[in-house]
Amino acid sequence: MEAADIDNLVTQVAEHLDGFRPLIRPGHPAYLIGPDRARLVVHPLWRQEGRVIVLGVYPDGSGGLFPDLRRHQITVTASRGAEHVARKIARRLLPGYLRDLAACRERLSGRTTENAARAELIETLRTLLPGATVNEKQRETIVRWRLGAASGSFAMYGEGASNSIEVRMADRELTERLAHAIHERFS
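Because the structure is a prediction, the values reported are computed rather than measured.

Conventions we followed
Residues numbered from 1 in each chain as written. Predicted model: local features only at pLDDT ≥ 70, side-chain atom pairs only at ≥ 80, totals over all residues. Heavy atoms only, no water. Core = buried A, V, L, I, M, F, W, Y, C linked by side-chain atoms within 4.5 Å. Buried < 20%, exposed > 50% of the residue type's maximum accessible area, 1.4 Å probe, protein only. Helix = DSSP H or I, 4+ residues; strand = E, 2+ residues; numbered from the N terminus. Contact = heavy atoms within 4.5 Å. Expected span 1.5 Å × (residues − 1). Arc of directions from axis to C-beta.

A short note on the nonpolar core
Then, in step 1: Counting residues in hydrophobic clusters, the biggest one holds 29 residues, and the most contacted among them are Val13, Leu17, Leu32, Leu40, Val52, Val54 and Ile89.
Then, in step 2: Counting only elements with at least two residues in this core, the list comes to α1 (3-16), β2 (30-33), β3 (39-44), β4 (51-57), β5 (72-77) and α3 (82-128).
Then, in step 3: Broken down by element, the residue count for this core peaks at 10 residues, all from α3.
Then, in step 4: Those residues in contact with Val52 that sit more than four places away from it in its chain are Met1, Ile6, Leu9, Val42, His43, Pro44, Leu45, Ile74, Thr75, Val76 and Ala78.
Then, in step 5: In terms of nonpolar packing, the next biggest core, distinct from the first, is built from 13 residues, Leu121, Ile122, Leu129 and Trp145 among them.

Quick look at α1
Then, in step 1: If you check α1, its first and last C-alpha atoms are 20 Å apart, about what 14 residues at 1.5 Å a residue would give, namely 20 Å.
Then, in step 2: Turning to α1, its buried residues number three or more, namely Ile6, Leu9, Val10, Val13 and Ala14. In a view along the axis of α1, the buried residues occupy a sector of 135 degrees, so they form one face of it.

This is the structure we're talking about:
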């Protein structure tokens, strides 16, 4: 199947799938865009004339963020017509894909909340400890600080599951002030 054939098929399939519309852009794969940011990409199946593969795509590459998310795809005989393809998508692909897409969106919103909490904690530490340095990586943030002879670090790993704090050579007042501020801000 040629790209133009796929584009026409996607346009026709969208007419038979409730809530879906085609997204056709020259030089790009053809998509079916549905409710709640559902995206289905349609490709011809290589070396199988008249068949297409339909894949459910997760938003913003989050399939890579959450490797446990199931990949949803089906192959369909496109030569049987757009209505047939739409029925197969609705019956075989959409139930599992839409369920997992909702779970993905929920997890992404949790990550947004987690990122906001992490940013708030970093700002709290910067306020309490002028001159603190922040080193951020994809799954780790470390705040290091020094006040005279006292120094320490606060490390946040992963998705908020484990954090650690290390304080060295600090007097009791500074340590208690730091612990109290963090406890008040995040409990």
